[in-house]
Amino acid sequence: MMRLSVQENAFDFGAEANAFAAGAAGAGAIVTFTGLVRDDGGAVQGLMIEHYPGMTERAIAAMMTEAFRRFGLLDALVIHRFGRLGPADAIMMVATAAAHRADAFAAAEFLMDYLKSRAPFWKQEIGPQGAKWVAAKVQDETALKRW
Amino acid sequence: MMRLSVQENAFDFGAEANAFAAGAAGAGAIVTFTGLVRDDGGAVQGLMIEHYPGMTERAIAAMMTEAFRRFGLLDALVIHRFGRLGPADAIMMVATAAAHRADAFAAAEFLMDYLKSRAPFWKQEIGPQGAKWVAAKVQDETALKRW
Amino acid sequence: MIEVLYFSWLRERIGTNREQIHTSAATVGDLIKELAAMDEGHALAFADRTSLRVALDQELADFSAPLAGVREVAFFPPMTGG
Amino acid sequence: MIEVLYFSWLRERIGTNREQIHTSAATVGDLIKELAAMDEGHALAFADRTSLRVALDQELADFSAPLAGVREVAFFPPMTGG
């Protein structure tokens, strides 16, 4: 069982987390991650997120399937937004359910590491001087090596 | 900033997660963990959790202070229930907020490892044959060594 | 006089969750010896020290810790929170 | 004929998000050479190959991958999701 949504609309983090926990029959451990738009003290007025429709869903589904296999998950959820986002908006969330906490944590970190560098999203920061593409970080690429 | 609650009443995981995310000004990453009562295929009808009032709050506050110091957290939340719980009830939750995901994940895992073995809670499983104290796991003690 | 608290199966074996003890024990270890000698329930509760933990005034401590100035001693098995 | 897609600053430099290309290029590397030679925008987009990624029919691939049977090629910079 897993659910994935690539969407322009905002989502309700808490409502999604509750629905996920309620549906994860037999789980002892639920981990969620949510990424928020940081305003960096006013330097960032928002984000514009571009993605590759079709490939995005395919790439995320492949990561989720791999996470199930590696960590024996009972359930997983990925929601990722695209389009225009404002400061403090939730960009995306991941939720994982497992019998025990070590697997739920590891799966959430695995999914995050792969979403950062292997799902076709590109972020643009909108600031007082206009829009600027966010550069990929070396440490995000390095993070993949641990899996 | 941090909040901790040791309580007998149930809590609303999603509502707490949303309130936490809304209050974590400047955060880019929010991690939550929730522990649920596993029914183990009907073998567990519920839990009875005993604790040491006073020491519990003190021990959790000390762990949270240490997590702030180590991981540069922006905010943290711990809710832990005691008393009688039913199958699939949420036992406890942890939430951490940081600028970046690595710190939010590490802090949540640190808090969980310490809550498991250093906060004065004792779980009793209630099953068809009556009540049975849950034994501490060697791997929970071992998990502390990584910090 | 010292307040001694018991939790989980230590509480069940001893049959109470707290008792006041007059003692001149210098350390936790000395106190354990005195308590274990009180009756069968106490003896059973303190039989296996590898699964015994202690807190002095609500802080975890070792069996070698001195009792001077301590008002509350708690004995319990390894914790199982989370 | 192959459908070529561009994202992020590759799209901006080239000035379009997709174009249809008649090519007999055998590999991604060969196709990049052809595209880079088209005009200034393409040349600029493909100037730095260390920050260039490619997907063939929506799967990540290497520059040495063959194009035989491929219908959709996408070029983009390193991804920044999450």
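Before reading on, note that the structure itself is shown above.
Numbering of residues starts from 1 in each chain and follows the order in which that chain's sequence is written. All chains are assigned letters beginning at A, and all ligands numbers beginning at 1, according to the order in which they are written. Reporting in this predicted model follows two pLDDT cut-offs: at least 70 for local features of residues, and 80 or more for side-chain atom pairs to be given and counted; totals over whole chains, interfaces and linings ignore these cut-offs and use all residues. Side-chain metrics rest on all non-hydrogen atoms present in the structure, leaving aside hydrogens and water.

A word on the relation of the copies chain B and chain A. Here chain B sits on chain A after a turn of 180 degrees about the axis and a move of 0.0 Å along it, with an RMSD of 0.0 Å. The relationship between the two copies is best expressed as a two-fold rotation axis. Across chain B, the smallest distance between a C-alpha and the rotation axis is recorded for G14(B), namely 1.9 Å. It only takes one pair of heavy atoms within 4.5 Å for two residues to be counted as in contact. Most of the interface of chain B is mirrored in chain A, where 100% of its interface residues are also at the interface. Superposition of the copies was done by least squares, using only C-alpha atoms of residues whose pLDDT is at least 70 in both.

At Q58(C), a residue that is not glycine, the phi angle is positive and equals roughly 70 degrees. The phi dihedral of D57(D) falls on the positive side, at around 45 degrees, and the residue is not glycine. Within the secondary structure, D57(D) is located in the loop between strand 3 (53-56) and strand 4 (59-61). What counts as a helix is a DSSP run of H or I of at least four residues, what counts as a strand is a run of E of at least two, and both are numbered from the N terminus.

Bringing the packing of aromatic side chains into the picture now. Here a Phe, Tyr or Trp ring, Trp counted by its six-membered ring, pairs with any other such ring whose centre lies within 6.5 Å, and the pair is stacked when the planes are under 30 degrees apart, edge-to-face when over 60, and tilted otherwise. Evaluated as defined, the whole model comprises 26 aromatic pairs over all chains. Seen in terms of ring centroids, F33(A) and F105(B) are 5.4 Å apart; in terms of plane orientation they differ by 15 degrees. Their pairing is stacked. With one member in each of two chains, F33(A) in strand 2 (residues 29-36) and F105(B) in helix 3 (residues 101-118) form a pair that bridges those chains. The buried label goes to any residue with under 20% of its type's maximum accessible area, the exposed label to any with over 50%, and the partly exposed label to all in between, with areas taken from a 1.4 Å probe on protein chains only. Take F33(A): its relative accessible area is 3%, and that puts it in the buried class. A relative accessible area of 2% places F105(B) in the buried class.

Side-chain direction in a regular strand flips from residue to residue, so the side chains alternate between the two faces of the sheet. All names here are of chain B. Within strand 4 (residues 75-81), 7 of the 7 residues are buried, which leaves it mostly tucked inside the rest of the structure. On strand 4, burial covers both faces: D75, L77, I79 and R81 on one face and A76, V78 and H80 on the other are all buried. By the bridge criterion, 6 bridges tie strand 1 (residues 2-7) to strand 4 in an arrangement that is parallel. Each residue of the ladder has a partner; that of Q7, found in strand 4, is R81. The pairing of strand 4 with strand 6 (residues 90-98) spans 6 bridges and is antiparallel. Counted as the bridge partner of L77 is A95 from strand 6. Strands pair, by our definition, only if DSSP identifies at least two bridges between them.

The partner chain B presents 25 residues to the 21 residues of chain C that form the contact. Salt bridges are identified by distance alone: a Lys or Arg side-chain nitrogen within 4 Å of an Asp or Glu carboxyl oxygen. Counting the contacts that link chain C with chain B gives 2 salt bridges. Among the salt bridges present, the one from E59(C) reaches R58(B), with a minimum N-O distance of 3.3 Å. Here a polar contact means two N or O atoms within 3.5 Å. Within protein one must be a hydrogen donor candidate and the other an acceptor candidate, and residues neighboring in sequence count only if both atoms are side-chain atoms. Between the two partners, chain C and chain B, sit 15 residue pairs in polar contact (both at pLDDT 80 or more). Elements that contribute at least two residues to the side of chain C that touches chain B include exactly strand 1 (2-6), helix 1 (8-14), strand 4 (59-61) and strand 5 (72-76) of chain C. Per-element accounting of the side of chain C that touches chain B gives the leading share, 4 residues, to helix 1 of chain C. Each residue receives one of three labels: charged for Asp, Glu, Lys and Arg, nonpolar for Ala, Val, Leu, Ile, Met, Phe, Trp, Tyr, Cys and Pro, and polar for the others, Gly being one of them. Along the lines of polarity and charge, the residues of the side of chain C that touches chain B split into 11 nonpolar, 5 polar and 5 charged.

Note that every value here comes from positions in space, so none of it alone points to a role or purpose.
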